[in-house]
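# Analysis of the macromolecular model
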Amino acid sequence: MSNTLPVHDPVGFYLAGSTTIFASRYDQRFSYCLYVPTAHTPDGPPVPLVVLQHGTGRRGPQYRDNFADWAEEHGCLVLAPLFPAGIGDPDDLHNFKFIRYGDIRFDQVLLAMVDEAGARFNVATERFLLHGFSGGGQFVHRFGYLHADRLAGLSIGAPGRITYLDSDRPWWIGTATFAEEFGHPPRVEELRQVPVQMVVGADDVETWEINNPGSSNWMDGADAHGVTRIERLQALRDNFTQHGIAVRFDLVPGVGHEPMRVLEPVKDFFATILQETR
């Protein structure tokens, strides 16, 4: 459905521009919102897809709204998932970050949302651009190990806990038990073909949230490659490079752990990918 429908259409109005929030048909505990650009038409070329994965604060609509002007400029459809806190354990904040939680596979939930967007809109879903910040940065780099073949570009923003490509350490600080968890090894060869960005604020040095032994999102060894998010992301960059995965690294001046203030380099990274593919 195009977003050129008249504003008096009581259904089409909420399927254009900044949409309402939809429950996923795959699992109605999870939901998503979209931005549908005016470039979208039901019978024209499929528009590219950008997925913006929230962190612990669950700011999906805020990410979507921040990207709206960019989406118009570049003719992209934006999908912002919502993975609520408190699934299972009412106090849990971190369920999605490690991909598997109980019987939930959050990578599969996200891919189902992509399919649902593709069923409703004329959007390219075979490969999409993916960004996540903080807890979202944790999710997206692990998603990349699983589904690099679905990515047109991967932007990893300021994750506090990293999974290194390390066959000597268990999941989730390493990948020694990755195949036991997910049925296949990390898709390193495919990830080498994906443009990868890592982005973090130059003042993102507070550690109170990411050095918390004993918490549900802690594992011994999580601090093996640095104390701050900057140090850990630099170590992940070096780890990727050692495995033949090229990385664009953006250290954003004057910015702390502030998700909306690192988005300009992300937009530039995605725009560069779109220009090359077009």
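Here the structure is shown first, and the text comes after it.
To keep things clear, this report deals only with the structure shown in the data block. Each chain has its residues counted from 1, following the order in which its sequence is written. Two thresholds apply to this predicted model, a pLDDT of at least 70 for residue-level local features and 80 or more for giving and counting side-chain atom pairs, whereas whole-chain, interface and lining totals are computed over all residues. Neither water nor hydrogens contribute to the side-chain values; these are computed over all heavy atoms in the structure.

## Some points on the packing of aromatic side chains
Pairing of aromatic side chains here covers Phe, Tyr and the six-membered ring of Trp, requires ring centres within 6.5 Å, and sorts the geometry by plane angle: under 30 degrees stacked, over 60 edge-to-face, intermediate tilted. Considering all chains together, one arrives at 18 aromatic pairs under this definition. When the ring of Y145 is compared with that of F178, the centres are 6.4 Å apart and the planes differ by 75°; the resulting orientation is edge-to-face. Here Y145, found in helix α4 (residues 135-147), pairs with F178, found in helix α5 (residues 178-182); they are 33 residues apart in sequence, far enough to count as distant. F178 shares its class with Y145; the two are buried. For the purposes of this entry, the term helix denotes a DSSP run of H or I that reaches at least four residues, the term strand denotes a run of E that reaches at least two, and both are numbered from the N terminus. Remark: exposure states derive from per-residue accessible area (1.4 Å probe, protein chains only) relative to the maximum for the residue type, with buried under 20%, exposed over 50%, and partly exposed in between.

## So, the environment of D268
Relative to the helices and strands, D268 is located in helix α8 (residues 263-277). Judged by relative accessible area, which is 40%, D268 ranks as partly exposed. Residues D268 and W70 lie 198 residues apart in sequence; the distance between their C-alpha atoms is 9.8 Å.

## Details of α4
Across its 13 residues, α4 extends 18 Å between first and last C-alpha, which sits within 8% of the 18 Å expected from 1.5 Å per residue. Buried residues dominate α4, accounting for 13 of its 13 residues. Here a helix's expected span is defined as the number of its residues, less one, multiplied by 1.5 Å.

## So, the pattern of salt bridges
Take a side-chain nitrogen of Lys or Arg and a carboxyl oxygen of Asp or Glu: if they are within 4 Å of each other, that pair is a salt bridge. A full pass over the atoms with the stated rule returns 15 salt bridges. For E189, the salt bridge goes to R192, with nearest N and O atoms at 2.6 Å. Look at R192 and you get partly exposed, because its relative accessible area is 35%. As a salt-bridge pair, R248 and D268 come within 3.0 Å of each other at their nearest N and O atoms. On the criterion of sequence distance, the pair formed by R248 in strand β11 (residues 247-252) and D268 in helix α8 is long-range, its members being 20 residues apart. Classification of R248 by relative accessible area gives partly exposed; the value is 26%. A cluster of three or more residues bridged by salt bridges with shared partners is formed by D204, E209 and R229.

## A closer look at the pairing of strand β5 (residues 77-82)
Where burial is concerned, most of β5 is hidden: five out of the six residues are buried. Strands are labelled as partners when DSSP assigns at least two bridges between them. Pairing analysis gives five bridges linking strand β3 (residues 31-36) to β5, with the strands arranged antiparallel. Within β5, the position partnered with L34 by the bridge is L79. Relative to β5, strand β4 (residues 49-53) runs parallel, the two being bridged by three bridges. Each bridged residue has a counterpart across the sheet, and for V51 the counterpart in β5 is L79.

Everything listed is a geometric property; what it means functionally is a separate question.
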